[in-house]
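Residue-level structural notes
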Amino acid sequence: MKVQSVLRWLTLCAAVAAFPFAHDAVAQAKKQVKISHATAADLGNDNHMVAWIIANYINTYSDTLEARIYPANGLGEERAVVEGMQLGAGATMHIGGTAIHNNFNKRMGVLDLPFLWRDYEHAHHVLDGKVGETLAAEHEKLGLKVLGWQDSWGYRKVITTKKEVKKPED
């Protein structure tokens, strides 16, 4: 066997032998979960706290996933982030208010109406019931999955500079 032929054969053997190791390394790599929100990286902030809890849960208990938080629009403005998620690019998860989601599902806007909720229990009952299921199903048709509803946004109060608003007539 010529030296050149032996070198090609050894190179081919090395490439074939290395492939399973490279493949195992790729299989061992953790899939990245990119969690995006528009607010500051402050645990006193509800969006960041939710992101932190989810990321820590994933990073503690998953052998195949690794989560990283991108606060303060680190992956782009909210609408662009959600559009990217629909295309399968950028963020894996968006945490934020429903206002941005009105751009994708107009019916989501009902959640932002003032005076709609009597209290947190009322909001939980509605969002954990048929209405929440319907809105989540509509979002799923858009390529987005609702994992849960946050309730820290205060259930939309109306604020003016001249007059206190206490009832719809105001």
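Scroll up a little and you will see the structure.
1. Some remarks on the sheet that holds strand β2 (residues 65-70)
- One open sheet holds the three strands; their spatial order is β2-β1-β3, and the pairing between them is parallel. Two strands close off the open sheet at either side, each with one partner strand: β2 and β3 (93-94).
- Pairing analysis gives two bridges linking strand β1 (residues 31-36) to β3, with the strands arranged parallel. Bridge pairing in β3 links Ser36 to His94.

2. Here's the deal with the nonpolar core
- Residues Val33, Ile35, Ala51, Ala55, Ile58, Ala67, Ile69, Met93 and Ile95 constitute the largest nonpolar core, which totals nine residues.
- Contributions of two or more residues to this core are made by β1, α2 (46-61) and β2.
- At three residues, α2 tops the list of elements feeding residues into this core.
- Residues within four places of Ala67 in sequence aside, it is in contact with Val33, Ile35, Ala55, Ile58 and Asn59.

3. Describing the pairing of β1
- Across six bridges, β1 lies against β2 in parallel orientation. When the sheet's bridge partners are listed, Ile35 is paired in β2 with Ile69.
- A crossover connection joins β1 to the parallel β2 through α2; in handedness this β-α-β unit is right-handed.

4. Topic: α2
- In this model, α2 (16 residues) spans 23 Å end to end at C-alpha, consistent with the 22 Å of a helix rising 1.5 Å per residue.
- Within the sequence span of α2, burial applies to Asn47, His48, Ala51, Ala55 and Ile58. The arc that holds every buried residue of α2, seen down its axis, measures 100 degrees, which confines them to one face. The exposed set on the far side of α2, more than 90 degrees from its buried face, consists of Tyr57, Thr60 and Tyr61.
- Against the buried residues of α2 lie β1 and β2.
- Where α2 starts, the residue carrying a side-chain oxygen 2.9 Å from the main-chain nitrogen of Asn47 turns out to be Asn45.

Conventions adopted
- Residues numbered from 1 in each chain as written.
- Predicted model: local features only at pLDDT ≥ 70, side-chain atom pairs only at ≥ 80, totals over all residues.
- Heavy atoms only, no water.
- Pairing = 2+ DSSP bridges.
- Helix = DSSP H or I, 4+ residues; strand = E, 2+ residues; numbered from the N terminus.
- Core = buried A, V, L, I, M, F, W, Y, C linked by side-chain atoms within 4.5 Å.
- Buried < 20%, exposed > 50% of the residue type's maximum accessible area, 1.4 Å probe, protein only.
- Contact = heavy atoms within 4.5 Å.
- Right-handed = clockwise from strand over helix to strand, strands pointing away.
- Expected span 1.5 Å × (residues − 1).
- Arc of directions from axis to C-beta.
- Polar contact = N/O pair within 3.5 Å; in protein donor to acceptor, adjacent residues only side chain to side chain.

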